[in-house]
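Understanding the architecture of this molecule
Now for the letters of each chain:
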Amino acid sequence: FEYLDCFGYLFYIAFYNQSITDLRTALISLYVMDETRRIVIEAVLPFLYFNTKEKSAKKKYEKMKKDKGTLEDDSKAQQILQIKKEVELEEYETFDDYMEMVVQFGYVSLFAAAFPSAAFFSIMCNLVEIRSDIFKLTYVHRRPKSRRVKNIGIYFQSLELIACLSLVTNLLLFTFCSNQIESLFSF
């Protein structure tokens, strides 16, 4: 359903309206909005969440320190607070990260003929995402449990399908939606 939601409108513009300029405009707006949403949700919100939670934890610690006077073993209390803080973190889910990468791959490869610079923008956004994921895994989420797996599961088949579809899609875009073929083979 996620793929249909992301790419259905673009396929409609590309192959029903057959307008490469409308496709380019829609693709740029959808892609930019999706990347902006991802950066805000995955970088800005976790940072704000961590800062507010960290401030409240410091206030609790200071209050506890005032109530008890001086803590007998300050380092032990710090360790207990750190363990308690890590246990309270929410569990990390990989589903959204995989889905975002597959959708981004679809934007880049399925409609490369209409928006070739999407690959460059994806690299820039992925550099930001790497840093935000490091932050999330370090401060916002609990460390994921390690499991031995053979591959990335269904996402591998999704990426293969998108790669095969991108060959057909870009060929059809060049053939029917743009005037590049006409200019090359004008009789």
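Residues numbered from 1 in each chain as written. Predicted model: local features only at pLDDT ≥ 70, side-chain atom pairs only at ≥ 80, totals over all residues. Heavy atoms only, no water.

A few words on the packing of aromatic side chains. Under the criterion given, the structure shown has twelve aromatic pairs. The interplanar angle of 25° and the centroid separation of 6.1 Å between the aromatic rings of phenylalanine 115 and phenylalanine 121 together place this pair among those described as stacked. Residue phenylalanine 115 is classed as buried on the basis of its relative accessible area, which comes to 6%. Pairwise contacts between aromatic rings join Phe7, Phe11, Phe15, Tyr31, Tyr107, Phe111, Phe115, Phe120 and Phe121 into one cluster. (Phe/Tyr/Trp six-rings, centres within 6.5 Å; stacked < 30°, edge-to-face > 60°. Buried < 20%, exposed > 50% of the residue type's maximum accessible area, 1.4 Å probe, protein only.)

Another aspect to go through is the packing of helix H4 (residues 95-110) against helix H6 (residues 154-177). Across the interface, H4 lies against H6 with an axial gap of 8 Å and an inter-helix angle of 15°. When the axes of H4 and H6 are compared, the pair comes out roughly parallel. For the element pair H4 and H6, the recorded crossing hand is right-handed. In this structure, H4 uses Phe95, Tyr98, Met99, Val102, Phe105, Gly106, Ser109 and Leu110 to contact H6, whose residues at the interface are Tyr155, Ser158, Leu159, Ile162, Ala163, Leu165, Ser166, Thr169, Asn170 and Leu173. Counted by class, the contact of H4 with H6 contains twelve nonpolar, six polar and no charged residues. (Axes fitted to C-alpha atoms, helices over the stretch in contact; angles between N-to-C directions. Helix = DSSP H or I, 4+ residues; strand = E, 2+ residues; numbered from the N terminus. Parallel < 35°, antiparallel > 145°, perpendicular 65-115°, else oblique. Left-handed = near helix turned anticlockwise from the far one by under 90°. Contact = heavy atoms within 4.5 Å. Nonpolar A, V, L, I, M, F, W, Y, C, P; charged D, E, K, R; others polar.)

In this structure, Phe7, Leu10, Leu23, Leu27, Tyr107, Phe111 and Leu173 are the most contacted members of the largest nonpolar core, which totals 24 residues. Listed by contribution, the elements that provide at least two residues to this core are helix H1 (2-17), helix H2 (20-67), H4 and H6. Apart from residues no more than four positions distant in its own chain, leucine 10 is found in contact with Leu23, Ala26, Leu27, Leu30, Tyr107 and Phe111. (Core = buried A, V, L, I, M, F, W, Y, C linked by side-chain atoms within 4.5 Å.)

Another aspect to go through is the environment of leucine 4. Tracing the backbone through its elements, the reader meets leucine 4 in helix H1. Distance in space between the C-alpha atoms of leucine 4 and lysine 84 is 42 Å, their sequence separation being 80 residues.

A few words now on the packing of H1 against H6. Remark: H1 packs on H6, axes separated minimally by 11 Å, with the N-to-C direction vectors making an angle of 15°. Relative to H6, the element H1 lies roughly parallel. Considering how the two elements wind past one another, H1 and H6 form a crossing that is left-handed. Here Tyr3, Phe11, Ala14 and Phe15 of H1 lie close against H6, whose contacting residues are Ser158, Thr169, Leu172, Leu173 and Cys177.

It is worth spelling out a negative patch on the surface at this point. A surface patch of like charges, here negative, comprises Glu2, Asp5, Glu93 and Asp96. Looking at the element boundaries, aspartate 5 is found in helix H1. Look at aspartate 5 and you get exposed, because its relative accessible area is 53%. (Patch = residues over 30% accessible without salt bridge, like charges linked within 9 Å, V, L, I, M, F, W, Y side chains within 5 Å. Areas by Shrake-Rupley, 256 points an atom, 1.4 Å probe, with all protein chains shown as cover. Salt bridge = Lys/Arg side-chain N within 4 Å of Asp/Glu carboxyl O. Lys, Arg positive; Asp, Glu negative; His and termini not counted. Charge placed at Lys NZ, Arg CZ, Asp CG, Glu CD.)

So, about H4. The terminal C-alpha atoms of H4 lie 22 Å apart, and with 16 residues this matches the ideal 22 Å at 1.5 Å per residue to within 8%. Listing the buried residues of H4 in full gives Asp97, Met99, Glu100, Val102, Val103, Gln104, Gly106, Tyr107, Ser109 and Leu110. (Expected span 1.5 Å × (residues − 1).)

Note that side chains of opposite charge can pair when their charged atoms are close. Counting across every chain of the model gives six salt bridges. The shortest N-O distance in the salt bridge between arginine 37 and aspartate 34 comes to 2.7 Å. Residue arginine 37 and its partner aspartate 34 are both found in helix H2; the two are separated by three residues, about one turn of the helix. The exposure class of aspartate 34 is buried, given its relative accessible area of 14%.

Everything listed here is a matter of coordinates, which is why it stays silent on function.
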